[in-house]
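Chain by chain, the residues run as shown.
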Amino acid sequence: MAVAFTREDIEISTRAADHFTRLYYTTYDSPTRVEDLPKFYRPTSTLTWNGNPCQGSEGVKKLIHDMPSTRHEVQSYDCHPMPGTQPPSLLVCVSGNVSHGKSPATKSTSTRSVDDQPRVFFQSFVLVPDPVAPVVKAGEVAKYYIDADAMRFVG
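The sections below set out a description of the structure shown in this document. Predicted, not measured: the structure shown is a model, and the values here were computed from it.

## Some remarks on the overall build of the chain
Each helix and strand counted, the chain has three helices and six strands in total. The N-to-C order of helical and strand elements in the chain reads α-α-β-β-α-β-β-β-β. The long-range fraction of contacts in the chain, counting pairs at least 24 apart against all pairs at least 6 apart in sequence, stands at 62%. Per element, the accessible surface of the chain, about 9,400 Å² overall, is 57% carbon and sulfur.

Here's what the structure looks like:
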């Protein structure tokens, strides 16, 4: 039997995705991202970053630690509630541009450097309601964590 979502379910899911998207990329681009971004994940979360897999919040922390600074510009996102839980899990798809600063370990003198050049990216998330977060009241946005994350450069 298919689950029919109400208009309110869709609106709450969309607000959750909007909130998540703004918070996630603001955190990703912040100077404290190495400590703060892994808090979006759990030990069982999976991330595939441009074809490179990593596991859990510790894997994300290592990946981010080894990466140069970033600046994301989200162009669009879409959200789809997934049946099975209440509040529902969410599939969030994001596209935009990202620029990477110079890596501290890179001292390239190449004239073909891609440092600070915007690249198009596509990222999809499966967000799952956080069972340890405080219970939300009707009409409130639930607290979510990232269960699965896949990011790819486009082109």
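## Topic: the sheet that holds strand β2 (residues 52-55)
If you walk across this open sheet you meet the six strands as β2-β1-β6-β5-β4-β3, and the pairing is mixed. Each of the sheet's edge strands pairs with one partner strand only, and the pair in question is β2 and β3 (70-82). Direction aside, the axes of adjacent strands within the sheet are offset by 15° on average. As paired strands, strand β1 (residues 41-49) and β2 are joined by four bridges and run antiparallel to one another. If you follow T46 over to β2, its bridge partner there is Q55. The sheet strands contacting helix α1 (residues 7-28) are β1, β3, β4 (89-100), β5 (119-129) and β6 (144-153), and the helix crosses β3 at an angle near 155°.

## Thoughts on unusual backbone geometry
Look at N50: it is not a glycine, yet its phi comes out positive at around 50°. Summarising the element assignment, N50 is placed in the loop between β1 and β2. By relative accessible area, which is 24% here, N50 ends up partly exposed.

## Topic: the nonpolar core
One finds Y24, V92, F125, L127 and I146 to be the most contacted residues of the largest nonpolar core, which totals 27 residues. Broken down by secondary-structure element, the contributors of at least two residues to this core are α1, β1, α3 (56-65), β4, β5 and β6. For this core, the element with the highest residue contribution is α1, accounting for six residues. Look past the residues within four positions of F125 in its chain and what remains in contact with it is F20, Y24, Y25, L90, L91, V92, V94, I146, A148 and D149.

## Quick word on the pattern of salt bridges
Overall, the coordinates contain five salt bridges when judged by the stated rule. A salt bridge links D36 to K39; the nearest nitrogen and oxygen atoms lie 3.4 Å apart. Look at D36 and you get partly exposed, because its relative accessible area is 24%.

## Some details on a nonpolar patch on the surface
Taken together, V120, F122 and V154 make up a surface patch of nonpolar side chains, about 240 Å² in accessible area. Looking at where V120 falls in the secondary structure, it is placed in strand β5. Given the relative accessible area of 40%, V120 is considered partly exposed.

## Let's talk about the side chain of S30
Among the secondary structure elements, S30 is positioned in the loop between α1 and α2 (33-36). A relative accessible area of 18% means that S30 is categorised as buried. Within polar-contact distance, the side chain of S30 engages the backbone oxygen of T27 at 2.8 Å.

## Details of α3
The set of residues buried in α3 consists of G56, S57, G59, V60 and I64. Within α3, the buried residues cover an arc of 160° as seen down the axis, which keeps them to one side. Facing away from the buried side of α3 by over 90 degrees, the exposed positions are E58, K62 and H65. Looking at the buried positions of α3, the neighbouring elements they touch are α1, α2, β1 and β2.

What counts, and at which threshold
Residues numbered from 1 in each chain as written. Predicted model: local features only at pLDDT ≥ 70, side-chain atom pairs only at ≥ 80, totals over all residues. Heavy atoms only, no water. Helix = DSSP H or I, 4+ residues; strand = E, 2+ residues; numbered from the N terminus. Contact = heavy atoms within 4.5 Å. Areas by Shrake-Rupley, 256 points an atom, 1.4 Å probe, with all protein chains shown as cover. Pairing = 2+ DSSP bridges. Axes fitted to C-alpha atoms, helices over the stretch in contact; angles between N-to-C directions. Buried < 20%, exposed > 50% of the residue type's maximum accessible area, 1.4 Å probe, protein only. Core = buried A, V, L, I, M, F, W, Y, C linked by side-chain atoms within 4.5 Å. Salt bridge = Lys/Arg side-chain N within 4 Å of Asp/Glu carboxyl O. Patch = residues over 30% accessible without salt bridge, like charges linked within 9 Å, V, L, I, M, F, W, Y side chains within 5 Å. Polar contact = N/O pair within 3.5 Å; in protein donor to acceptor, adjacent residues only side chain to side chain. Arc of directions from axis to C-beta.

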